[in-house]
Amino acid sequence: MNTYYNPMENKFLVYSTQNGGLGDRLFGLVSSYLLALLNDYNFRIKLDDDITYADVFTSPIDWWNDDWKLLPLKRGRFNIESDLINNLDFFKTQTLSEKFPDSDCVYIYSNQNFIQYIFENEKYKNKLKELELTPENCFSKLINNLLVFEDEFQKNYDYLKSKLKSNNVKTIGIHIRTNRFWGDVPEISDNTLELFNKTIDAVSDGNERIFLCSDDEQVIFDLKNRYGDDRVFAVPGQAVHYSKNTKKTIYDVIKTFFEIWLLSECDTIIASYWSNFSRVAVLKSMKQPVIVEMEINDNPKQPTIDWVNSKNIKTNDDLRKHFNIPYPIDNGFRYAKMLALSTKI
């Protein structure tokens, strides 16, 4: 991969966003890196959070370099944080220099995954082939190249992975996003939680170790009671939202990265299709996920009530369409194609 990263001098694509959860940000980050790679631009990350990628990761790509700030460059800006649809023509037909002919440094603000649309651009076909990138492996290859844990955190991660994979047991990874905290939407029903249990029972032979991630500590407690504390494994610590927890520590952030990375290592992944946390783990894993039907809480709190009304959500079909999930989910769960979780619009 690094052999093909030969950026032009004084041409920069600078990624930034302060909107969305960690999954949203990782989609924007990796998609923007692909754009820089294909256009031979230097890729940089604007490190403007209290806790930044540079605190956790290293990389063969010097994305932490702030050289772009000091050079007298003509600059352009491209914001697709909430307007992916109206920019699809650019990804499918244009290059960076065609869209920004007078700019040497382009700031891209994105919390969206636009990789699949880049693969429709004929101008990138040869470079994508040279890089041996496909729609199926692209996200995984790029995130693994771009984000490598610093040594001290790699040791911690390897320890957790060894506990998860000890005795070579098969693993089932589950992400249960309840949206009951942080003002997230939509809040899921208790029946949806029971569908996760039903799904575990259906895909398990009773011997696998269960790796669990959730935004609700009660969910972790309940599953440990149901399946056994020795069988259910979770990363210690409190769940936090990257954008909405203003008092998060570096240990909170590392926990979230560890959870996504470990989830991607599991033999089977049961995903919350309404969360980009799940979607990032699935694409990083390159495995076929199991998705669970979502139902909204019968008596939801705000802001779910306003969200349902504003989106005119009346049925589960409406929910799936909103989150870009094709086909019904019979019996409450089903296997899905990996790329079915590539874009949440």
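Attention here is on the structure that accompanies the text. Worth saying up front: this structure is predicted, and the values here are computed from it rather than measured.

## Topic: the pattern of salt bridges
Moving on, step 1. Inspection of every chain in the model, using the stated rule, returns 20 salt bridges.
Moving on, step 2. Two residues, Lys127 and Asp40, come together in a salt bridge whose shortest N-O distance is 3.0 Å. Placement of Lys127 in helix α6 (residues 125-130) and of Asp40 in the loop between α1 (22-39) and β2 (42-45) is noted, with a sequence separation of 87 residues between them.
Moving on, step 3. Owing to a relative accessible area of 28%, Asp40 belongs among the partly exposed residues under this scheme.

## Notes on the packing of aromatic side chains
Moving on, step 1. Under the criterion given, the structure shown has 24 aromatic pairs.
Moving on, step 2. Consider the rings of Phe257 and Trp261, whose centres lie 5.8 Å apart with planes at 80°: the pair is edge-to-face. Taken together, the residues Phe257 and Trp261, both in helix α11 (residues 250-265) and 4 residues apart, mark about one turn of the helix.
Moving on, step 3. Overall, the relative accessible area of 5% leaves Trp261 in the buried class.

## Remarks on empty space enclosed by the protein
Moving on, step 1. Considering all chains together, one arrives at 1 cavity of 30 Å³ or more under this definition.
Moving on, step 2. Estimated volume of the largest cavity: approximately 90 Å³.
Moving on, step 3. Looking at the lining of the largest cavity, its residues break down into 4 nonpolar, 3 polar and 4 charged.

## Let's talk about the sheet that holds strand β7 (residues 171-176)
Moving on, step 1. What the 6 strands build is an open sheet, ordered β9-β8-β7-β10-β11-β12; its pairing is mixed. Unpaired on one side and paired on the other, β9 (232-233) and β12 (333-335) mark the two borders of the sheet.
Moving on, step 2. Pairing of β7 with strand β10 (residues 268-271) involves 3 bridges; the strand directions are parallel. Pairing of Gly173 across the sheet is with Ile269, part of β10.
Moving on, step 3. Together, β7, β8 (209-214) and β9 form the strand contacts of helix α10 (residues 217-227), whose direction differs from that of β8 by roughly 165°.

The rules behind these values
Residues numbered from 1 in each chain as written. Predicted model: local features only at pLDDT ≥ 70, side-chain atom pairs only at ≥ 80, totals over all residues. Heavy atoms only, no water. Salt bridge = Lys/Arg side-chain N within 4 Å of Asp/Glu carboxyl O. Helix = DSSP H or I, 4+ residues; strand = E, 2+ residues; numbered from the N terminus. Buried < 20%, exposed > 50% of the residue type's maximum accessible area, 1.4 Å probe, protein only. Phe/Tyr/Trp six-rings, centres within 6.5 Å; stacked < 30°, edge-to-face > 60°. 1 Å grid on protein atoms, 1.4 Å probe; cavity = no way out; pocket = protein on both sides within 12 Å on 5 of 7 lines; lining within 4 Å. Points joined across faces, edges and corners; volume = space filled by probe spheres on them. Nonpolar A, V, L, I, M, F, W, Y, C, P; charged D, E, K, R; others polar. Pairing = 2+ DSSP bridges. Contact = heavy atoms within 4.5 Å. Axes fitted to C-alpha atoms, helices over the stretch in contact; angles between N-to-C directions.

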